[in-house]
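# Fold and contact review
This is what each chain is made of:
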Amino acid sequence: VFQFNTGSMGGGHPGMRQRRQPAQEDREEEEEMQPEVPAWLSKVQTMAGSLGPLLPIVIVSFIGFGMLLMGTILQFMISRAFIIFPIMYMTEGKTKMLLLAAIVIGAMLGIV
């Protein structure tokens with residue numbers, strides 16, 4: 001919305017100026033422009049905000065833990081590859097899960 005102004009401040013010439021919209025309309029427009037955030041992402045943002053400057057340390061520690069876990073799983077699979085790979089390729093469904101669980105239990109007991 002434009003409003004014609006015959007006077008001017010500072011000795012300039014009269015002209016057109018845009019009238020400011022109320023602050024409430026500005027906020028409504030900003031809210032409409034922001035996309036909806038999923039619930040899980042808002043929880044992650046809250047946790048990240050609460051950690052503050054410790055966030056990079058926590059992220060690096062989780063990455064390290066994940067690499068350690070994947071290394072352990074890979075080491076387990078490679079050490080028992082002659083038993084695990086035929087089961088994975090030649091069986092399906094519940095039989096595969098049962099045989100793999102038997103290998104994991106046998107490895108925990110020291111049998112395999």
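These lines cover the structure that appears in this document, whether it is placed above or below. (Residues numbered from 1 in each chain as written. Predicted model: local features only at pLDDT ≥ 70, side-chain atom pairs only at ≥ 80, totals over all residues. Heavy atoms only, no water.)

## Focus: the side chain of arginine 80
Note the threshold: In DSSP terms, a helix is any run of H or I states spanning at least four residues, a strand is any run of E spanning at least two, and both are numbered starting from the N terminus. With a 1.4 Å probe rolled over the protein chains alone, any residue whose accessible area is under 20% of its type maximum counts as buried; one over 50% counts as exposed, and the rest are partly exposed. Lys and Arg are tallied as positive, Asp and Glu as negative. Neither His nor the chain termini are counted. Any Lys or Arg side-chain nitrogen found within 4 Å of a carboxyl oxygen on Asp or Glu counts as a salt bridge. We call two residues contacting when some pair of their heavy atoms lies within 4.5 Å.
Looking at where arginine 80 falls in the secondary structure, it is placed in the loop between helix H3 (55-79) and helix H4 (81-90). For the buried arginine 80, no salt bridge exists, and the shortest N-O distance to an oppositely charged side chain is 24 Å, to glutamate 92. In this structure arginine 80 touches Ile103, Ala107 and Val112, once residues within four positions along its chain are discounted.

## Considering a nonpolar patch on the surface
This is how it is decided: Two joining distances apply to patches: 9 Å for like charges and 5 Å for nonpolar side chains (Val, Leu, Ile, Met, Phe, Trp, Tyr), and every residue must have over 30% relative accessible area and no salt bridge. In short, Shrake-Rupley with a 1.4 Å probe defines the accessible areas, and a residue's cover is counted only from the protein chains shown.
Taken together, the side chains of Phe82, Ile83, Val104, Ile105, Met108, Leu109, Ile111 and Val112 present a nonpolar region at the surface, about 910 Å² in accessible area. If you list the elements that add at least two residues to the nonpolar patch, you get H4 and helix H5 (93-109). Here the nonpolar patch gets four residues from one element, more than from any other, and that element is H5. Along the chain, isoleucine 83 falls in helix H4. On the basis of relative accessibility, which here comes to 38%, the residue isoleucine 83 falls in the partly exposed class.

## Concerning the packing of H3 against H4
For clarity, the cut-off: Axes, fitted as lines to C-alpha atoms, cover a helix only where it is in contact. Angles between the N-to-C directions of the axes lie from 0 to 180 degrees. Oblique is the label for any angle not covered by the other classes, which are roughly parallel (under 35 degrees), roughly antiparallel (over 145) and roughly perpendicular (65 to 115). When residue character is reported, Ala, Val, Leu, Ile, Met, Phe, Trp, Tyr, Cys and Pro are called nonpolar, Asp, Glu, Lys and Arg charged, and the others, Gly included, polar.
For the pair H3 and H4, interaxial distance at closest approach is 5 Å and the crossing angle is 90 degrees. In terms of their interaxial angle, H3 and H4 are classed as roughly perpendicular. In this structure, H3 contributes Phe76, Met77, Ile78 and Ser79 to the contact, and H4 contributes Ala81, Ile84, Phe85 and Met88. In terms of residue class, the contact of H3 with H4 is made up of seven nonpolar, one polar and no charged.

## Regarding the packing of H4 against H5
Two quantities define a packed helix pair, namely the angle between the helix axes and the distance between the axes. Running from N to C, H4 and H5 point in directions that differ by 170 degrees, and their axes come no closer than 9 Å. The pairing of H4 with H5 is recorded here as roughly antiparallel in orientation. Counted together, Ile83, Ile84, Ile87 and Met88 of H4 and Lys96, Leu99, Leu100 and Ile103 of H5 form the full contact between these two elements. Counted by class, the contact of H4 with H5 contains seven nonpolar, no polar and one charged residues.

## Quick word on the side chain of threonine 91
Test applied: Contacts described as polar in this section are N or O atom pairs within 3.5 Å, which, within protein, must combine one atom able to donate a hydrogen with one able to accept it, while residues neighboring in sequence count only if both atoms come from side chains.
If you trace the backbone, threonine 91 turns up in the loop between H4 and H5. Here the side chain of threonine 91 touches isoleucine 87 through a polar contact of 2.4 Å, landing on its backbone oxygen. Each residue touching threonine 91, except ones within four places of it in the same chain, is listed here: Pro86, Lys96 and Leu99.

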